[in-house]
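Tertiary structure, described
Here is how the chains run, residue by residue.
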Amino acid sequence: MHHWKKAWYTLIGPLWIWVVFIIFVPFLLAGAIVSLSVLPPTGDTLVKTVGLFCVMILAPLAALAEIAPPFVTRVEVNWRNRNSETLFEGDVEWEDVPFLPPVLNRIRSTTGRRKRREESKSTGTANAKPSTI
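Residues numbered from 1 in each chain as written. Predicted model: local features only at pLDDT ≥ 70, side-chain atom pairs only at ≥ 80, totals over all residues. Heavy atoms only, no water.

A contiguous nonpolar patch, built from F27, L52, F53, M56 and I57 and spanning about 510 Å² of accessible area, is present on the exposed surface. At four residues, the largest contribution of residues to the nonpolar patch is made by helix α3 (residues 41-65). Looking at where I57 falls in the secondary structure, it is placed in helix α3. (Patch = residues over 30% accessible without salt bridge, like charges linked within 9 Å, V, L, I, M, F, W, Y side chains within 5 Å. Areas by Shrake-Rupley, 256 points an atom, 1.4 Å probe, with all protein chains shown as cover. Salt bridge = Lys/Arg side-chain N within 4 Å of Asp/Glu carboxyl O. Helix = DSSP H or I, 4+ residues; strand = E, 2+ residues; numbered from the N terminus.)

Following this line, the structure appears as structure tokens:
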């Protein structure tokens, strides 16, 4: 069973701060800009559309797939690596890899199934005997 502190501790990470920010700020800014009535109706519609794009596309990408702008992923990777003993069991290191350069990066662990597969392939080829045909 997961300890409650581990579950809640991840919610204060930089990636979740980004998720909350990208959900609330576009609505607040769009509401403020539209309420000022300084833009024509087309401009108001454009501002609302950009706000909805941020909320409906960027927030789920960050929350579900750990995809965010590079400045967020760098801070999240540093935070996860620094707090890995509290957050995760076993040795886990994190890195950010380009997803849609230079706009979005993705966070992934460097120790996991992928690394184990790479290690098994490298040891398998190193132990292979040459053919004598």
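So, on to the pairing of strand β2 (residues 94-100). Relative to strand β3 (residues 104-109), β2 runs antiparallel, the two being bridged by six bridges. Within the sheet, the bridge partner assigned to D96 lies in β3 and is I107. Hairpin connection from β2 to β3: three residues lie between these consecutive antiparallel strands. (Pairing = 2+ DSSP bridges.)

Pairing geometry for strand β1 (residues 67-68) and β3, over two bridges, is antiparallel. Within β3, the position partnered with I67 by the bridge is R106.

Moving on to the sheet that holds β1. The three strands are arranged β1-β3-β2 in an open sheet whose pairing can be described as antiparallel. Single-partner strands in this sheet number two, and they are β1 and β2. Contacting β1, β2 and β3, helix α4 (residues 70-82) runs over the sheet at an angle of about 160 degrees to β2. (Contact = heavy atoms within 4.5 Å. Axes fitted to C-alpha atoms, helices over the stretch in contact; angles between N-to-C directions.)

A few words on the side chain of D44. Structurally, the position occupied by D44 is in helix α3. Here D44 occupies a buried position and makes no salt bridge, while the nearest side chain of opposite charge, K48, is found at 6.2 Å. With sequence-adjacent residues up to four places away left out, D44 is seen in contact with V34 and L39. (Buried < 20%, exposed > 50% of the residue type's maximum accessible area, 1.4 Å probe, protein only. Lys, Arg positive; Asp, Glu negative; His and termini not counted.)

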